[in-house]
Amino acid sequence: MEFGFNFFPDVSPQVKSGQQYFREALNLVELGERYGYTHVRTVEHYFQPYGGYSPNPAVFLAAAAQRTRTMRLVTGAVLPVFNNPLKLAGELGMLDAMSNGRLDIGVARAFLPHEFAAFGVPMDESRERFEEGFAALRVLLSTENTSFTGQFHHCHHITSLPRPVQQPHPPFWVAALATEESFYRAGSNGYNLMAIPLSGAVMRPLLQTYRQAYRAAGHPGQGKVMLAFHMYCAPTDREAHDTTRLGHCSIPTCSGWSRLRQTGTRRLPKTTRATPR
Amino acid sequence: MIAALKRQNFEGLVASGAAWVGAPQTIKDSMQRFIDAVEGFDSASLQVMNGPTSEADAERSMRLFAERVMPAFR
C-alpha cells in the first residue's frame, strides 16, 4: 500500500491567501517525498472555498514536479466538461514532459451546480460531455495526426504536443461517484479508480463491483484503487481531536460543503446587484 | 453525490474509518478496520492541510504518520 498527499484546498481568502496556501503546500510536498510519500494529488474546482483555489491542477503539479524527483503527480481530478480537450491534452503533455513521465491523469464528471451555472453548461449534458471529452483526451494523448467529430468538440488531423513521455499515454484514473454503475464502468473500461471513502459497508460491494468488472473484461491485474482520506496525527488522541474539532483543521467533504452552501446563497444576489446595468 | 457529502460529518467520518484522526496507534487501528472492511486498496491520498491548519501542524502530523503509522502498512 502506498501513501501520498491530497491538496484539496479548503480555504477562502479570509483564511489563507493563495500565495500562502501554495507556498506551504509546496514546502510539505518537498519534505513529504523525503518521508516516503509517493504521490501528490490535487483537484479541479472553481469559485468557492470548496476546492476553488485549484481551477487547474496542472499548474500546482508542475510546480510540485520541480520540488520533487520521484513523486507521482496526480490530477484528482481534471473535469473534461469545463475544458477544451485540445487545450487539456496539451497541458497534460507538458506536465508529463516536465516531470519526466510522472503524471497520473484522474478524470471526473463534475457535480457542483454553481460550476455548471458559471460556465453556462447544462448539468444534464454532464455525462455526454464527460464521455466525449475523456475520449478526445485519450485519443489526443495516445495518437498522432488524429481526427474526431463529437457533439461538442471536433478536430481534424491534429497532433497534440508535446507528446507524452509515458507511452501510449499516462495512466488513467476515473473518479467514481456513489453509484454502482460508475464503479462498474470504471472497471469494465480498464481504468484505475479514484473514490471518496464511504463507510466500509457501503464501500466494500462497490469495490467488488469495480474489481469484478475489471477482471471480467480481461484487463491485466485487478485495477488500482486510490482513496482520499482526511488525516491528522498527533502524539495523543486528545490533541488530535482538539485540533480538528476546534476548527483549526476542518474537513472539505463536510465543512467545506456547508460553508459553500452558506456563502453561495448569500453571495449570488450581491453579485447580481453589482453588475452594471 | 451532493446528498452523500452533506450527510457526512466529522464524527461520522472518523467512526467509519474515512477520516484518520488521532494518536498513531488509534490511526493504525482505524485504518486496519477500514482496510479489512473494503478488502484492501492500493493508494491513500492524505489530506494533510485543511482549511486554516498551520503549516507547522500539518508538517508535524505528516512526519508522525510517516514515522509511526506508515511502516505498519508497507
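Note that the structure is a prediction, hence the values are computed from the model and not measured. (Residues numbered from 1 in each chain as written. Chains lettered and ligands numbered in written order. Predicted model: local features only at pLDDT ≥ 70, side-chain atom pairs only at ≥ 80, totals over all residues.)

Visitor: If you had to explain the overall build of chain A to someone new, which residues and values would you point to?
Guide: Scanning chain A from N- to C-terminus turns up 9 helices and 9 strands. Across the 277 residues that make up chain A, the buried fraction comes to 45%. A separation of at least 24 residues holds for 66% of the contacts in chain A among residues at least 6 apart in sequence. (Helix = DSSP H or I, 4+ residues; strand = E, 2+ residues; numbered from the N terminus. Buried ≥ 20, exposed ≤ 12 C-beta atoms within 10 Å, placed from the backbone. Contact = placed C-beta atoms within 7 Å.)

Visitor: A description of the pairing of strand β8 (residues 192-195) of chain A should follow, citing residues and the corresponding values.
Guide: All names here are of chain A. In β8, alternate side chains face the same way, and those of N192 and M194 on one face and L193 and A195 on the other are all buried. In this sheet, β8 lies alongside strand β7 (residues 172-175) in parallel orientation, the contact comprising 3 bridges. Considered in β8, the bridge of A175 is made with M194. In terms of handedness, the path from β7 via helix α6 (residues 180-188) over to β8 forms a crossover that is right-handed. (Pairing = 2+ DSSP bridges. Right-handed = clockwise from strand over helix to strand, strands pointing away.)

Visitor: Mind laying out the nonpolar core, listing which residues take part and the relevant values?
Guide: Residues and elements named next belong to chain A. If you look at the biggest cluster of nonpolar residues, it comprises 86 residues, and the most contacted ones within it are L73, V174, L193, F229 and C233. Element by element, the count of residues in this core is highest for strand β9 (residues 225-233), at 8 residues. Of the residues that make up this core, three or more belong to each of domain 1 (5-175) and domain 2 (232-277). (Core = buried A, V, L, I, M, F, W, Y, C linked by C-beta atoms within 7 Å. Domains from an automatic or database assignment.)

Visitor: Break down helix α4 (residues 55-68) of chain B for me, citing the residues and quoting the values.
Guide: For α4(B), with 14 residues, the first-to-last C-alpha span of 20 Å sits near the 20 Å given by 1.5 Å per residue. Every buried residue belonging to α4(B) is among B:A58, B:S61, B:M62, B:L64 and B:F65, and all of these are buried. For α4(B), the buried positions fall inside an angular range of 165° around the axis, keeping them on one side. Buried positions along α4(B) lie against α1 (18-34) and β9 of chain A together with α3 (24-38) of chain B. (Expected span 1.5 Å × (residues − 1). Arc of directions from axis to C-beta.)

Visitor: Tell me about the packing of α6(A) against helix α7 (residues 200-216) of chain A, residues and numbers included.
Guide: Residues and elements named next belong to chain A. Their axes nearest at 7 Å, the elements α6 and α7 cross at an angle of 30°. When the interaxial angle is binned, α6 and α7 end up roughly parallel. Judged by the twist between their axes, the crossing of α6 over α7 is right-handed. The segment α6 lies against α7, with E180, F183, Y184, A186, G187 and S188 engaging L206, T209, Y210, R211, A213 and Y214. Of the residues assigned to the contact of α6 with α7, the class counts are 7 nonpolar, 3 polar and 2 charged. (Axes fitted to C-alpha atoms, helices over the stretch in contact; angles between N-to-C directions. Parallel < 35°, antiparallel > 145°, perpendicular 65-115°, else oblique. Left-handed = near helix turned anticlockwise from the far one by under 90°. Nonpolar A, V, L, I, M, F, W, Y, C, P; charged D, E, K, R; others polar.)

Visitor: Break down the packing of helix α2 (residues 57-67) of chain A against helix α3 (residues 85-98) of chain A for me, citing the residues and quoting the values.
Guide: Residue and element names in this part refer to chain A. Running from N to C, α2 and α3 cross one another at 10°; their axes reach a closest spacing of 9 Å. With respect to α3, the axis of α2 lies roughly parallel. On α3, the residues that touch A58, L61, A62 and A65 of α2 are E91, L92, L95 and M98. By residue class, the composition of the contact of α2 with α3 is 7 nonpolar, no polar and 1 charged.

Visitor: So what's going on with the confidence of the model for chain A? Residues and values would help.
Guide: If pLDDT is low for a region, its predicted coordinates should not be looked at in detail. Of all residues in chain A, 88% attain a pLDDT of 70 or more, and the chain-wide mean is 88. Predicted confidence is poor over residues 246-277 of chain A, with pLDDT under 50, and the contacts of this stretch with residues over four places away or in other chains come to 45 contacts. (pLDDT = per-residue confidence, 0-100.)

Visitor: Tell me what's going on with the interface of chain A and chain B, and back it up with residues and numbers.
Guide: On the side of chain B, 51 residues touch chain A, which itself brings 61 residues to the contact. Those elements that place two or more of their residues in the side of chain A that touches chain B are β1 (2-7), α1, β2 (39-42), α7, β9, α8 (237-248) and α9 (252-274) of chain A. A per-class count over the side of chain A that touches chain B returns 35 nonpolar, 17 polar and 9 charged. Where β9(A) lies against strand β2 (residues 43-47) of chain B, 5 bridges are found, and the strand directions are parallel. Among the inter-strand pairings, A:A228 is bridged to a residue of β2(B), identified as B:S45.

Visitor: Could you give me a rundown of the confidence of the model for chain B, with the residues and numbers involved?
Guide: Residues and elements named next belong to chain B. The predicted model of chain B averages 87 in pLDDT, with 86% of residues at 70 or higher. No element of chain B has a lower mean pLDDT than helix α1 (residues 2-7), at 58, and none a higher one than α4, at 97. Note on the complex model: pTM 0.89, ipTM 0.91.

Visitor: Describe the environment of A:Y214, with residues and values.
Guide: All names here are of chain A. Secondary-structure assignment places Y214 in helix α7. Judged by the 25 C-beta atoms lying within 10 Å of it, Y214 is buried. Non-local contacts of Y214, meaning those with residues more than four positions away in its chain, are made with G187, G190, H219, Q222 and G223.

Visitor: Before we move on, could you go through the environment of A:S142 and cite the residues and values that matter?
Guide: All names here are of chain A. Along the chain, S142 turns up in helix α5 (residues 126-142). Here the alpha-carbon distance between S142 and P168, two residues 26 residues apart in the chain, equals 5.0 Å. In contact with S142, not counting residues within four places along its chain, are P168 and H169.

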